[in-house]
Amino acid sequence: MESLVLLVSVLVSVVLFSAPISILLSSRIAQSLTSNLVAKILRRALMAFVSAVGSFFSFFFIISPIPMLLKIISLAALLLNIWSVDREYGGRLMTRFKSIFGKSA
C-alpha cells in the first residue's frame, strides 16, 4: 500500500511542479543565461521533456475519475505547460487568441 501512495505522490508532484519549471526555463532570464547554442538546445530539450511529461500526466488526471480539485489543478498545469511551450517556441498560439478575442471586444 505504501508503494501506491508513493507512486501517486510522485505523479501529483510531477503535475504540480512541471508547469513552474517549464515557465522558469522559458523565462527571459533563462534565455539570456543560455546564449551558447549547446546550452540553448539543452535548455529547450529539458523544457520540452518536462512539459511533455507534465502535460501527459495532467491529461491523464483530467480524464480519470478522481476528485474535482485534482482535476482543476491538472487543468491549470496543462494550460500553463502549453503556454510555456508556446512562449518558448514561437508564440503563435497567444497571437491567435489575441486576434480572436480582440475582435469581439
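Sequence order sets the numbering: in each chain, residues are counted from 1 along the sequence as written. Given that this is a predicted model, residues contribute local features only at a pLDDT of at least 70 and side-chain atom pairs are listed and counted only at 80 or more, while totals for whole chains, interfaces and linings are drawn from all residues. For the side-chain quantities, the full set of heavy atoms in the structure was used; hydrogens and water were omitted.

## Focus: the UniProt feature "transmembrane region" (unreviewed entry) in the protein chain
Part 1 of the argument: Feature annotation in UniProt assigns "transmembrane region" (unreviewed entry) to the following positions: residues 6-25 and 45-63.
Part 2 of the argument: Comment: elements are numbered from the N terminus, with helices defined as DSSP H or I runs of at least four residues and strands as E runs of at least two. Helix and strand shares over residues 6-25 are 100% and 0% respectively, and the end C-alpha atoms of the span are 27 Å apart.
Part 3 of the argument: Between the C-alpha atoms that bound residues 45-63 there is a distance of 27 Å. The span itself is 100% helix and 0% strand. UniProt positions are given in the numbering used here, feature names are shortened, and annotations may be inferred rather than shown by experiment.

## Observations regarding the side chain of Ser84
Part 1 of the argument: Take Ser84: it is sitting in helix α4 (residues 68-89).
Part 2 of the argument: Side-chain polar atoms of Ser84 contact the side chain of Ser22, separated by 3.3 Å.
Part 3 of the argument: Contacts are residue-level and defined by heavy atoms, with any inter-residue pair within 4.5 Å sufficient. Those residues in contact with Ser84 that sit more than four places away from it in its chain are Ser22, Ile23, Ser26, Met47 and Ser51. For this analysis, a polar contact is any N or O atom pair within 3.5 Å, provided that within protein one partner can donate a hydrogen and the other can accept it, and provided that sequence-adjacent residues contribute only side-chain to side-chain pairs.

## Regarding the nonpolar core
Part 1 of the argument: Grouped together as the largest cluster of nonpolar side chains are five residues: Leu11, Val15, Phe61, Leu70 and Ala77.
Part 2 of the argument: Contributing elements (two or more residues each) for this core: α1 (2-25) and α4.
Part 3 of the argument: In contact with Ala77, other than residues within four places in its own chain, are Val15, Ala19 and Ser58. In these notes, a set of buried Ala, Val, Leu, Ile, Met, Phe, Trp, Tyr and Cys residues joined through side-chain atoms within 4.5 Å is what counts as a nonpolar core. The cut-offs for exposure are 20% and 50% of the maximum accessible area for each residue type, with area from a 1.4 Å probe on protein chains only; residues under the lower value are buried, those over the upper are exposed, and the others partly exposed.

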